[in-house]
Amino acid sequence: MNKLLIILLGVLFFNCNSKAQNDSAKSQTEKPKLNGKQIVTELEKLNFFNLTAKEDLNESKTEFQKSYDELSFFEGKMRGESLIFTDNRFYFIDCETLFEGEGLTQYLETVKITFEKLNLKLMYSDEISNQAENRWVHKIKLNGKPYVAYEGVFNDNDWGIAFVNFIEMLNDQLKLQKSNERFYPISSGNDGRMVLLTKEQFEFVMANYPNGKDSPKEINAWRKGYGL
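Rules behind the numbers
- Residues numbered from 1 in each chain as written.
- Predicted model: local features only at pLDDT ≥ 70, side-chain atom pairs only at ≥ 80, totals over all residues.
- Heavy atoms only, no water.
- Pairing = 2+ DSSP bridges.
- Helix = DSSP H or I, 4+ residues; strand = E, 2+ residues; numbered from the N terminus.
- Axes fitted to C-alpha atoms, helices over the stretch in contact; angles between N-to-C directions.
- Contact = heavy atoms within 4.5 Å.
- Core = buried A, V, L, I, M, F, W, Y, C linked by side-chain atoms within 4.5 Å.
- Buried < 20%, exposed > 50% of the residue type's maximum accessible area, 1.4 Å probe, protein only.
- Salt bridge = Lys/Arg side-chain N within 4 Å of Asp/Glu carboxyl O.
- 1 Å grid on protein atoms, 1.4 Å probe; cavity = no way out; pocket = protein on both sides within 12 Å on 5 of 7 lines; lining within 4 Å.
- Points joined across faces, edges and corners; volume = space filled by probe spheres on them.
- Phe/Tyr/Trp six-rings, centres within 6.5 Å; stacked < 30°, edge-to-face > 60°.
- Parallel < 35°, antiparallel > 145°, perpendicular 65-115°, else oblique.
- Left-handed = near helix turned anticlockwise from the far one by under 90°.
- Nonpolar A, V, L, I, M, F, W, Y, C, P; charged D, E, K, R; others polar.

### Considerations on the sheet that holds strand β4 (residues 145–153)
1) Next: Strand order in this open sheet of 3 strands is β2-β3-β4, and the pairing throughout is antiparallel. Only two strands of the sheet have a single partner each, and these edge strands are β2 (124–132) and β4. Adjacent strand axes in the sheet meet at a mean angle of 10 degrees, parallel and antiparallel pairs treated alike.
2) Next: Packed on one face of the sheet, helix α6 (residues 158–176) meets β3 (135–142) and β4 and runs near 165 degrees to β4.

Dropping the structure here:
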């Protein structure tokens, strides 16, 4: 009887000790959830607001804090009634406009402002557009290097392909100019969005914001998700 009691007490002690160790390990690995003010502070440490004009800085930070606290949503403030963000990192891209007509150069002009803020060059030239029946070849040079904006037969993924090609050509130029910034897609279609982030900024966002349809994605994951 005493032997059985000792065994039972031993099992009970082992289970309690294991639970205590698990709880301790869990408490060490789990980080407390940040609030909006802390999110802004951490983004500031990561130089997220280094492209924001001084006159827009307080308003931009307030919007990020509010968006996080109220919606857990990663997005800044637009300037007035425009589709331009005050932080100069987020961009609205209407993928239909990007795909058709002069949309490519229109959005290159928009992004060029941020390149200049980073002391980088973004010059485009030699745009070529050749269409034969249902096939289209659309090319352009950025800083003298040729890129394909779209090439192939028209299909249901036209806009998505143009959007990915646009981001990849920009990221290639950022890489060539030794910038640690990259564009990440967030949404496509007529309400397309992308954001410019360093790797550290991207990892911070992924660790502290919900990972859903309104989260930035790495371009390979985006391609896979949309079958491009």
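### Some remarks on the nonpolar core
1) Next: Grouped together as the largest cluster of nonpolar side chains are 29 residues, with contacts concentrated most on Val 111, Phe 166, Leu 170, Phe 183 and Met 194.
2) Next: Those elements that place two or more of their residues in this core are β1 (90–93), α4 (95–99), α5 (103–117), β3, β4, α6, β6 (192–198) and α8 (219–226).
3) Next: The dominant element in this core, judged by the number of residues it contributes, is α6, at 7 residues.
4) Next: Beyond its immediate stretch of four places on either side in the chain, Phe 183 contacts Tyr 91, Val 111, Phe 115, Ile 167, Leu 170, Asn 171, Leu 174, Met 194, Val 195 and Leu 196.
5) Next: Counting 19 residues, the second largest nonpolar core, distinct from the first, contains Phe 64, Tyr 184, Val 195 and Tyr 209.

### Let's talk about the pattern of salt bridges
1) Next: As enumerated under the stated definition, the model contains 11 salt bridges in all.
2) Next: In this structure, Lys 61 engages Glu 44 in a salt bridge whose closest nitrogen and oxygen atoms are separated by 2.5 Å. Here Glu 44 lies in helix α2 (residues 36–45) and Lys 61 lies in helix α3 (residues 54–71), a separation of 17 residues in the sequence.
3) Next: Glu 181 is paired through a salt bridge with Arg 89; the nearest N and O atoms lie 2.9 Å apart. Linking Glu 181 in strand β5 (residues 181–187) with Arg 89 in the loop between α3 and β1, this pair joins segments that are 92 residues apart in sequence. The residues Glu 181 and Arg 89 share a single accessibility class, namely buried.
4) Next: Linked through salt bridges whose partners overlap, the residues forming this network are Glu 75, Arg 193, Lys 213 and Asp 214.

### Here we look at the layout of surface pockets
If a probe as big as a water molecule is rolled over the atoms, it shows which places are left empty.
1) Next: Its volume calculated, the largest pocket comes out at about 280 Å³.
2) Next: Along the walls of the largest pocket sit 17 residues, with Leu 83, Ile 84, Tyr 91, Phe 92 and Thr 110 positioned nearest its centre.
3) Next: When residues of the lining of the largest pocket are traced back to their parent elements, those giving at least two are β1 and α5.
4) Next: Considering every element that reaches the lining of the largest pocket, the biggest residue donor is α5, with 5 residues.

### Focus: the packing of aromatic side chains
1) Next: Taken as a whole and judged by the stated rule, the model has 21 aromatic pairs.
2) Next: Here the aromatic rings of Phe 48 and Phe 74 are separated by 6.1 Å at their centres, their planes lie at 55 degrees, and the arrangement is tilted. Of this pair, Phe 48 sits in the loop between α2 and α3 while Phe 74 sits in the loop between α3 and β1; the two residues are 26 residues apart in sequence, bridging distant segments of the chain.
3) Next: Residue classification places Phe 48 among the buried residues on the basis of a relative accessible area of 0%.
4) Next: Phe 74 sits in the buried class, given a relative accessible area of 2%.
5) Next: Measuring from centroid to centroid gives 6.1 Å for Phe 163 and Trp 222, while their planes differ by 75 degrees, and the two rings are edge-to-face.

### Description of the packing of α2 against α3
1) Next: Relative orientation of the contacting elements α2 and α3 amounts to 130 degrees, with a least axis distance of 8 Å. The orientation of α2 relative to α3 falls into the category oblique. Crossing of α2 over α3 shows right-handed handedness. Of the residues in α3, those in contact with Gly 36, Lys 37, Ile 39, Val 40, Leu 43 and Glu 44 of α2 are Lys 61, Phe 64, Gln 65, Tyr 68 and Asp 69.
2) Next: Of the residues in the contact of α2 with α3, the class split is 5 nonpolar, 2 polar and 4 charged.

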